[in-house]
Amino acid sequence: MLKYRVVHSIEHQKADWVGIHEKICDKLAFLRQQIPFLPSREEREKRQKQISIKKIELIEMTRTLAQKMLFEGKHEQSVPAAMQSLRYAIDVYGVATIELVPSYLILGEASIGLGKLAQAEEYLAKADWTVLKTPDCSRAIKSKLYRNLGLLNAAKGEFQGALTCFADDIYHASEEFGTDDIRTAGGYFHMANVFFRQGKMDVADSLYRQVIDIWHEHLADVIKARTPSEEEEALNRTRVLGPVKGMFEDISSGMDEAQEAEAIQILNSIHDIREHQTNRRPEDLAQTCHALAMLYFVFHDIKRAKEYGRKAIVASDEVKDDDFSKSLVEFMKLCEKQGAQI
Amino acid sequence: MDWVHWKPMQCITRHSLVWKPQGCGARGRRRMTWRRGTEAEMATAGKTWKELEEIAQDRMKERTFFPYSKMAATLPPIGSKNNNAALRPSYGKPKPPPGGRLQPVTTPANARGRRERMDEEKNMMLRSQLPLLRKQDIAKFRNSYKHNLCLDMLTEGYHLSFCEMVNLIRQQMDLREAAGPESFLWQKPVLQDQTEKLDLMKMYLTQAEAASRKGDWSAEYSSRYELAQVFKDNPDDMWLVDHFFHTCLDVAKKEIKDKGKMQAEGHCNVGLCLQTKGSYKEAAKHFEEYHRLSQNNKDEWFMVNGTTFYTDACVRLNNIYTIIGTELGRTGEEEDDEASLEILTQALEMAKCSDSNSEGIGTACDAIAKIYARQGNKEKSVEFLKRFVELTEKTGLEKEYCLACHNLGNVCNSVGNYDEATEYFSKAYNISRALGDSESTNVNRVQYGIAIAHRMMGKFANHVVIGDKTCMSRLVDWKSVRTDEFSKPIPDTVPGAAHHVVIPPPPPEDKEKDEGQEEGTEEEFGAREEAEGQQDESQES
């Protein structure tokens, strides 16, 4: 029993130092507690089931966490979380199963970020092999695998190989989610980066434009869906005894943490590129700014949202597109309202 | 056991597993054979031989299941050159060690060995000349055609083409799913299986995307137009044609330099698509736009065959208006009639705008006349029909002329103007006979007969009403002559009917009206009416 305790504390501390502790602590505590003596078989089975559910929850959580850290650029810190998820995944699903692949992919990506290409290749090769041996593996996983392989190739400087991988990624993602989904947009973005580095600016430009279009549309939809329409507003006003609730309280992004981090990363880097581009089209910058503003609005960061909104208005002065300016003005009004409420 | 199972079914080594080694002498024979050991294991594990074979397919499981068989070496393949000696009855001679891994030491390099080595060297050389398989090459075999095509497009950077194609394919699949598995759509080939079409699409779409990246709209337009033309011949692909014409129009709207010529063409194409699909209202909108654009450049824009865009627009507008008008008129409600009249007048005007389009004017006149006839405004109807007849007479369109005469005859008949009705029906009858169109000949023949009968009816009734001697004799004369004349087509009714008639006929005007109304409904029924019409008449007499 003593030995068990020791192992527990060391592992716990390892997980602790990156700050995933408070998120997974209570779950770990449940999993690591002593196995109580359960006399009846049903109770034991029940407990077994409970434990495996907890473990799966833990896997999901640590994975999302690790992915988020990757998008934030904290490669080193994402490794422990990914390892944790891998450990429990092996525990639950077994050694060579498709469920391990996401963890391997995260580890691979982290290794790429840390510059350990050989190690990354090892992780990705494991994932690749598992996917290959699982004929009915989902397209979402395949898409992620190819994205990581593409990143590896790009990091090695093998641009043609990277392009093929990203093409595969986009193909699988569009088969699964559709061509204009935010989960497909990542593939376009990385592909654009490759073309950018190859110096094919026209292709890269058009790809960046598509990425921005996809995000722009998605965010606009999110805001539209979460903002009460005029009639509902009127209804709220007439209702005297209704619960006093801020009208924007329930605006959430509708994305998980990893996707949020991805959005910030992608949109910001495209914004940087557009700002430094000399021969850009004015509407490109305007739309990028608008998308960023909407993103920060969804995150309740009204100050930044306004800032980018203003930028977008400045940029859109050169564009003769009434619909776009109108939507911008409406958006700024929303910002004002929301800002006043806080 | 394991490797033998990877061999094909017919291979002798596979069968050999179930054989017992033959002809082994008592001395060299082992107490425990591979087969026996395996069978013992089989019994303890409670499996049958078949099940074992299945397990052996999976190498991982096999390791845990066959401790004995793994201990013993694999059985040497029977019949292969090197191991013949092992299977021959070996009286007294010691057996070579079991297992094919240890080759019996044969005589040093004889002729066959040298040849073998040379073969091997040759094989190695050939193998080294083969190109190494790269990842892409493997993927080509592993993936579907569509997959590879998409990858090609994406790696070349044509992501918009990729999106368009994937979405088109998905659109079709969704349609099929929505229609349910019993729909006829499932019998038609799917786009993603038709490789030539996919290739064509890829070629033109990438061309279009490259052009659009450069801002060369006319090039993009032309490649999309080509694509639409490719699919035009197949009725199953009309939705693709639709799609590409619509995108053509979108592209054309971006082009400002050519004063909208491309846009006009785009509107025309989309309009045609909509017209074939049956959404006439929207088609009309596009044609109106086409007309508006081409009006400003009447003398500059020419089509391939030399007609101006403007004339073409007028013709198309006239067509669509006529269709809408008749569609509306068919429902038979008051407001619809008004509306359809309005639209048909527009059609007429359009037809007039375009020179040398008498056909269009004709159909428009005809449609208008029909509506008027339904409304009861016979004079107007006659007026328009007369115009129709004149026009067709002038231009010499036999078929239309025949139709015009027929319609005019009908109207005259219903108004009570039997002289003209007979005249026109006789014209129609002659023409249709000359054309050799049996159906219209029959109809016209009947109508002609009816009209003649009607013409005669008035005089006949007069005679009966007056009823003096001369009249009677005339009637009798006519009757006898007529019996002679008409006995052939209707032999029994006329003489028989004459006896039964007792009641005098009602006043001629009323009777005529009744007849007229009846005629109006009867005209479609053709030859069957012939007998009845004649019968009525003879009864009245």
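Residues numbered from 1 in each chain as written. Chains lettered and ligands numbered in written order. Predicted model: local features only at pLDDT ≥ 70, side-chain atom pairs only at ≥ 80, totals over all residues. Heavy atoms only, no water.

Chain B has the name Tetratricopeptide repeat protein 29 in an unreviewed UniProt entry, where Elysia marginata is given as its organism. Here is the UniProt Subcellular location (unreviewed entry) comment for chain B, exactly as written: "Cytoplasm". Of the comments in the UniProt record for chain B, the one headed Function (unreviewed entry) reads "Axonemal protein which is implicated in axonemal and/or peri-axonemal structure assembly and regulates flagellum assembly and beating and therefore sperm motility." (UniProt positions renumbered as here; feature names shortened; annotations may be inferred.)

As named in an unreviewed UniProt entry, chain A is Zinc finger MYND domain-containing protein 12, taken from Elysia marginata.

## Brief notes about the interface of chain A and chain B
Contacts between the two partners involve 24 residues from chain A, matched on the other side by 20 residues from chain B. The tally of links from chain A across to chain B stands at 1 salt bridge. Salt-bridge contacts for B:K146 lead to A:E175; the nearest nitrogen and oxygen are separated by 2.9 Å. For the pair chain A and chain B, the number of links is 7 residue pairs in polar contact (both at pLDDT 80 or more). Taken together, the elements giving at least two residues each to the side of chain A that touches chain B come down to α5 (117-133), α7 (159-177), α8 (182-198) and α9 (201-226) of chain A. In terms of residue count, α7(A) provides more of the side of chain A that touches chain B than any other element does, 12 residues in total. For the side of chain A that touches chain B, a count of residues per class yields 11 nonpolar, 8 polar and 5 charged. (Contact = heavy atoms within 4.5 Å. Salt bridge = Lys/Arg side-chain N within 4 Å of Asp/Glu carboxyl O. Polar contact = N/O pair within 3.5 Å; in protein donor to acceptor, adjacent residues only side chain to side chain. Helix = DSSP H or I, 4+ residues; strand = E, 2+ residues; numbered from the N terminus. Nonpolar A, V, L, I, M, F, W, Y, C, P; charged D, E, K, R; others polar.)

## What to know about the pattern of salt bridges
Residue and element names in this part refer to chain A. Across all of its chains, the model carries 18 salt bridges over all chains by this definition. A salt bridge links K311 to E275, with the shortest nitrogen-to-oxygen separation between them at 3.3 Å. Note that K311 is positioned in helix α13 (residues 302-316) and E275 in helix α11 (residues 257-276), a separation of 36 residues in sequence. K311 sits in the partly exposed class, given a relative accessible area of 32%. (Buried < 20%, exposed > 50% of the residue type's maximum accessible area, 1.4 Å probe, protein only.)

## Some words on the environment of A:I98
Residue and element names in this part refer to chain A. With respect to the secondary-structure elements, I98 resides in the loop between α3 (75-93) and α4 (101-114). Distance from I98 to I141, taken between C-alpha atoms, is 8.8 Å for residues 43 residues apart in sequence. Those residues in contact with I98 that sit more than four places away from it in its chain are T130, V131, T134, C137 and I141.

## Concerning the environment of A:F159
Residue and element names in this part refer to chain A. Position of F159 relative to the elements: it lies in helix α7. When the C-alpha atoms of F159 and M191 are compared, they prove to be 9.6 Å apart, with 32 residues separating the residues in sequence. Among all residues touching F159, those that are not within four sequence positions of it are A154, V194, R197 and Q198.

## Looking at the packing of α8(A) against α9(A)
Residue and element names in this part refer to chain A. Relative orientation of the contacting elements α8 and α9 amounts to 160 degrees, with a least axis distance of 8 Å. As summarised for this structure, α8 and α9 are arranged roughly antiparallel, according to the angle between their axes. For the pair α8 and α9, the sense of crossing is left-handed. Across the interface between the two elements, I182, A185, Y188, F189, M191, A192, N193, F195 and F196 from α8 touch M201, V203, A204, L207, Y208, Q210, V211, I214, W215 and H218 from α9. A class-by-class count of the residues in the contact of α8 with α9 yields 16 nonpolar, 3 polar and no charged. (Axes fitted to C-alpha atoms, helices over the stretch in contact; angles between N-to-C directions. Parallel < 35°, antiparallel > 145°, perpendicular 65-115°, else oblique. Left-handed = near helix turned anticlockwise from the far one by under 90°.)

## So, the packing of aromatic side chains
Applying the stated rule across the entire model yields 8 aromatic pairs over all chains. Considering the side-chain rings of A:F196 and A:Y208, the 6.3 Å spacing of their centres and the 65 degrees angle between planes classify their relative orientation as edge-to-face. Taken together, the residues A:F196 in helix α8 and A:Y208 in helix α9 connect sequence positions 12 residues apart. Using a relative accessible area of 33% as the deciding quantity, one classes A:F196 as partly exposed. Look at A:Y208 and you get buried, because its relative accessible area is 1%. With 6.2 Å between their ring centres and 10 degrees between their planes, B:F231 and B:F244 make a pair best called stacked. Pair noted here: B:F231 is in helix α13 (residues 217-231) and B:F244 is in helix α14 (residues 238-254), with a separation of 13 residues, a long-range link. By relative accessible area, which is 2% here, B:F231 ends up buried. (Phe/Tyr/Trp six-rings, centres within 6.5 Å; stacked < 30°, edge-to-face > 60°.)

## Some thoughts on the packing of helix α11 (residues 159-179) of chain B against α14(B)
All names here are of chain B. Running from amino to carboxyl end, α11 crosses α14 at an angle of 140 degrees, the nearest separation of the two axes being 12 Å. Where α11 crosses over α14, the two elements pack in a sense that is right-handed. Of α14, the residues touching α11 (which contributes E164, L168, Q171 and Q172) are W239, L240, H243, F244 and T247. Here the contact of α11 with α14 is built from residues that sort into 4 nonpolar, 4 polar and 1 charged.

## Notes on the state of the cysteines
Two cysteines joined by a covalent bond between their sulfur atoms form a disulfide. Residues and elements named next belong to chain B. Applying the stated criterion across every chain, the model contains 0 disulfides over all chains. Take C150: it sits in no disulfide, and the sulfur closest to it among the cysteines is that of C163, at 9.8 Å. Residue classification places C150 among the buried residues on the basis of a relative accessible area of 0%. (Disulfide = S-S within 2.5 Å.)

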